[in-house]
Structure formats: structure tokens, C-alpha cells
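# Chain and residue survey
Each chain, written out:
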Amino acid sequence: MSVRRLAPDHVQPASFAFDVANENWADQQIAKYPEGRQASAVIPLLWKAQEQHDGWVPRAAIEEVARKLGMAPMRVMEIATFYTMFNLQPVGEHFIQLCGTTPCALRGAEAIRKVCEDVIGPQSTVSADGKLSWLEVECLGACCNAPMVQINFDYYEDLTPENFKTLLDDLRHGRPVKTGSQIGRSGSEPLGGGETLKDAALYDGTVIGAGDWKARVTEQRKAAAEAAAAKAAAEAEAKKAEAAKAEATPATPSKPATETASPGRPQPSSPGQPTSAANDTPATQGKVDPKSAGEAAKSADPAAPKPVK
Ligand code: FES
């Protein structure tokens with residue numbers, strides 16, 4: 001287990017500030033949490049500070065994160081020193097985390113540790129060329145392929161002192177390396193390949209009386225493909241016939257525009273309504289001849305004297 005202490009003062013920077021992009025990113029993370037719960041963003045902010053500061057978290061970064069989140073610096077310090085994902089010391093370009101827990105120890109982690117000490121130096125120190133540094137950590141969850149190390153974000157498994165030395169040399173000189181198992185295992189099967197579940201009958205359904213399910217599935221897929229092809233052909237035929245029919249039918253002549261009543265046009269008057277002609281009757285038609293009017297009035301008035309016959 002590594003000791004979790006801040007780096008010595010002489011390597012600590014005087015100050016730390018997020019750059020503009022990371023400051024914006026940090027503000028977005030903080031905004032995800034409800035008012036009063038901003039401290040929940042402490043892990044992402046520490047991680048971003050580590051990314052920005054060459055892979056390790058200096059004291060000034062811890063203080064800056066505390067200031068941004070309104071936390072006591074000691075609270076952030078507790079978190080940074082608890083989680084081994086935060087490096088408290090400067091690291092090399094290739095930072096090696098060596099698993100020293102029991103399964104890896106039983107499979108030769110001690111010899112891998114010796115290589116680290118010989119090639120790089122004491123743990124938590126960076127090699128003179130700045131390329132390598134190492135730290136012993138607890139189980140990294142790849143015990144089946146022990147012993148193993150994590151280098152930056154990749155796992156390297158099934159290590160031996162020889163292949164590990166070669167790996168470090170390749171990394172140091174920028175040569176391509178192979179991640180995962182260093183002896184060609186594709187998963188976590190036993191060395192030399194799997195020893196159980198090798199009977200092919202276990203996978204074709206015969207053991208549970210399901211018959212040859214592979215043949216059945218192949219048949220079903222073939223039938224489905226044929227049906228889809230037949231449907232597509234029928235649809236294409238129908239489209240073709242429709243197009244031919246449309247071509248054979250003569251186009252209907254359209255009505256002249258003048259015969260078409262516009263929607264806003266006033267409609268003709270109904271028979272009961274006075275026509276404009278009636279309204280236009282000259283005033284003389286309403287004039288009465290004074291003579292005939294007088295005679296009419298006389299014949300209508302019973303008191304009027306009757307002419308003598
Ligand atoms: S013990 Fe080493 S990966 Fe689990």
C-alpha cells in the first residue's frame with residue numbers, strides 16, 4: 001500500500017488556476033447539482049485539475065477546487081489523499097501502477113516490482129528522462145491474468161520480468177506496444193486454452209433436445225429474405241402498372257378561368273330581393289297625372305257630388 005502524502009514543497013507550484021476551457025467545463029459540472037450541493041462536483045474537478053497539471057494534483061489545485069466549491073480545503077485534501085486515482089506526486093509520461101495484492105503477489109508481482117526499481121528507481125519518483133514512474137496499488141480487477149500493471153489508461157497482463165522489461169523499453173522509446181495479455185491470451189481462459197465446455201454438442205441444442213437449431217434459424221432467415229424479395233417485386237410491378245395507366249388516360253381539359261367564380265365575388269341577388277334594375281327605376285315612373293288623380297279621388301270619395309245625368 002502506498003503512502004498518500006502531498007508532494008514535497010520544492011516540487012509544489014506556487015499557484016494553480018484552471019485554464020479557460022477547463023474553467024467552463026468545471027462550471028458546467030457544478031451546475032448539474034442543486035443549490036447547496038456543489039461539493040458533489042469535487043471528484044470531477046480534482047480529476048480535471050490532475051489532467052491539466054501533467055497527471056498529478058498539487059496542493060494549490062486542491063485549494064482552488066475547495067475555493068470553487070465553497071469547501072474547506074481540508075475536506076478536499078481528505079478526498080484527494082483517499083482515492084489512489086489522484087496522484088499526489090509528479091508522474092512520468094508513462095505512469096505505471098503495479099498491482100501488489102495477493103493473486104498478483106502469488107503469480108510474481110514481486111519480480112515485476114524489482115524490475116520497476118531497477119529500471120525506473122524508487123516508487124513515486126520520475127525517471128531522469130521524465131518518461132517513467134511507478135507506484136504500487138491494490139487489486140485492479142484483472143487477477144485472472146496476474147501479474148499485471150496499469151500504464152496510464154491501459155492494462156498489461158501476464159507479465160514476466162522479461163516481457164515487462166521489453167515493454168518498458170518500448171514505451172520509453174516510443175515504439176508500439178501490445179495492451180492486454182502479453183502471452184497471447186484473448187480473455188481470461190486458462191494458460192494453453194480452455195479445458196472445459198469444449199463439446200460442440202453443447203452449443204447446437206441437441207443436449208436439450210432442441211434439434212439442429214442452427215439449421216432451423218438458417219431456414220427461417222432464408223424464408224424471410226425470399227418473402228421480402230417477393231413483396232418488393234410485387235410493389236415495383238404495381239407501381240409500373242399505375243404509371244402505364246396514368247400515361248394512357250387523356251388529360252381532362254381544365255375550365256377557362258373566366259367561368260370560375262372567385263370565392264370573394266358577390267353572388268347574384270335572389271328572386272325575392274329587389275334587383276338593381278328595380279332600384280334603378282326612373283323617378284318619373286312614380287309621378288301621377290294631376291287630372292286623372294283628381295277623378296280617381298272623386299270616385300273614391302262617397303261624399304263627393306255625383307255628376308247629373
Ligand atoms: S490481485 Fe492483481 S489484479 Fe487483482
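First things first, this report covers the structure right here in the doc. (Residues numbered from 1 in each chain as written. Predicted model: local features only at pLDDT ≥ 70, side-chain atom pairs only at ≥ 80, totals over all residues. Heavy atoms only, no water.)

## Focus: the layout of surface pockets
Heads up, the rule is: Each cavity reported here is a set of points on a 1 Å grid over the protein atoms alone in which a 1.4 Å probe fits but cannot get out, each pocket an open set with protein on both sides within 12 Å along at least five of seven lines, and each lining residue one with an atom within 4 Å of a point. Grid points are joined across faces, edges and corners, and a volume is the space filled by probe spheres set on the points. Counting from the N terminus, the helices are DSSP H or I runs at least four residues long and the strands are E runs at least two residues long.
Put simply, the largest pocket is a space of about 340 Å³. Around the largest pocket sit 17 residues that line it, and Trp47, Gln50, Gly55, Asn87 and Phe153 are the ones nearest its centre. Examining the composition of the lining of the largest pocket, we find that 3 residues originate from one element, helix α2 (residues 42–52), more than from any other.

## Some remarks on the sheet that holds strand β4 (residues 154–157)
Going by this rule: Note on pairing: two strands pair once DSSP finds at least 2 bridges between them. The criterion used for residue contact is that any of the two residues' heavy atoms lie within 4.5 Å. Axis definition: a line fitted to C-alpha atoms, limited for helices to the stretch in contact. Angles are taken between N-to-C directions and run from 0 to 180 degrees.
Pairing is mixed in the open sheet, where 5 strands are placed in the order β2-β1-β3-β4-β5. Of all the strands in the sheet, the pair left with one neighbour each is β2 (132–137) and β5 (180–181). Those strands touched by helix α6 (residues 109–119) are β1 (94–99), β2 and β3 (149–151), and its axis lies near 150 degrees from that of β2.

## Observations concerning the nonpolar core
This is how it is decided: Residues belong to one nonpolar core when they are buried, are Ala, Val, Leu, Ile, Met, Phe, Trp, Tyr or Cys, and are joined through side-chain atoms within 4.5 Å. Working definition: with a 1.4 Å probe on protein chains only, accessible area under 20% of the residue-type maximum means buried, over 50% means exposed, and in between means partly exposed.
Counting 23 residues, the largest nonpolar core has Val42, Leu45, Leu46, Ile62, Val65, Leu69 and Val76 as its most contacted members. Within the residue set of this core, elements represented by two or more residues are α1 (20–31), α2, α3 (59–69) and α4 (73–82). Counting residues per element, this core draws most heavily on α3, which supplies 6 residues. Look past the residues within four positions of isoleucine 62 in its chain and what remains in contact with it is Leu6, Leu46, Val57, Pro73, Val76, Met77 and Ala80. In terms of nonpolar packing, the next biggest core, distinct from the first, is built from 16 residues, Ile120, Trp134, Leu159 and Leu168 among them.

## Notes on the pairing of β1
Here β1 lies mainly inside the structure; 6 of its 6 residues are buried. The alternating pattern of β1 places His94, Ile96 and Leu98 and Phe95, Gln97 and Cys99 on opposite faces, both of which are buried. Bridging between β1 and β2 involves 6 bridges; their strand directions are parallel. When the bridges of β2 are listed, isoleucine 96 appears paired with tryptophan 134. For β1 and β3, the ladder comprises 3 bridges, and the chain directions are antiparallel. Within β3, the position partnered with glutamine 97 by the bridge is glutamine 150.

## Details of the side chain of asparagine 87
To be explicit about the condition: In protein, a polar contact means a hydrogen-donor-capable atom and an acceptor-capable atom, both N or O and within 3.5 Å, with residues adjacent in sequence counting only if both atoms are side-chain atoms; elsewhere, any N or O pair within 3.5 Å suffices.
Structurally, asparagine 87 can be placed in the loop between α4 and β1. Judged by relative accessible area, asparagine 87 falls into the buried class, the value being 8%. Reaching out from asparagine 87, the side chain makes a polar contact with the backbone oxygen of glycine 55 at a distance of 2.8 Å. Excluding anything up to four places from it in sequence, asparagine 87 contacts Gln50, Gly55, Trp56, Val57 and Phe95.

## What about the pattern of salt bridges?
Where we set the bar: Counted as salt bridges are all cases of a side-chain nitrogen of Lys or Arg within 4 Å of a carboxyl oxygen of Asp or Glu.
What the rule picks out here adds up to 13 salt bridges. Lysine 68 is the partner of glutamate 23 in a salt bridge, and the nearest nitrogen-oxygen pair spans 2.5 Å. Remark: lysine 68 occurs in helix α3 and glutamate 23 occurs in helix α1; sequence separation between them is 45 residues. Between arginine 113 and glutamate 136 there is a salt bridge, and its shortest N-O distance comes to 2.1 Å. Placement of arginine 113 in helix α6 and of glutamate 136 in strand β2 is noted, with a sequence separation of 23 residues between them. On the basis of relative accessible area, glutamate 136 is assigned to the buried category, the value being 15%.

## Some remarks on the pairing of β2
With 6 of 6 residues buried, β2 lies mostly within the body of the structure. Along β2, one buried face is formed by Leu132, Trp134 and Glu136 and the opposite face, lined by Ser133, Leu135 and Val137, is buried too.

## Side note on the packing of aromatic side chains
So the rule is basically this: Pairing of aromatic rings covers Phe, Tyr and Trp, the last through its six-membered ring, and needs centres within 6.5 Å; plane angles under 30 degrees mean stacked, over 60 mean edge-to-face, and all others mean tilted.
Overall, the coordinates contain 4 aromatic pairs when judged by the stated rule. Taken together, a centroid distance of 4.9 Å and an interplanar angle of 85 degrees make the contact between phenylalanine 82 and tyrosine 83 edge-to-face. Relative accessible area serves as the criterion here: at 59%, phenylalanine 82 is assigned to the exposed category. By the ring-pair criterion, three or more aromatic residues cluster together here, those being Trp47, Phe86 and Phe153.

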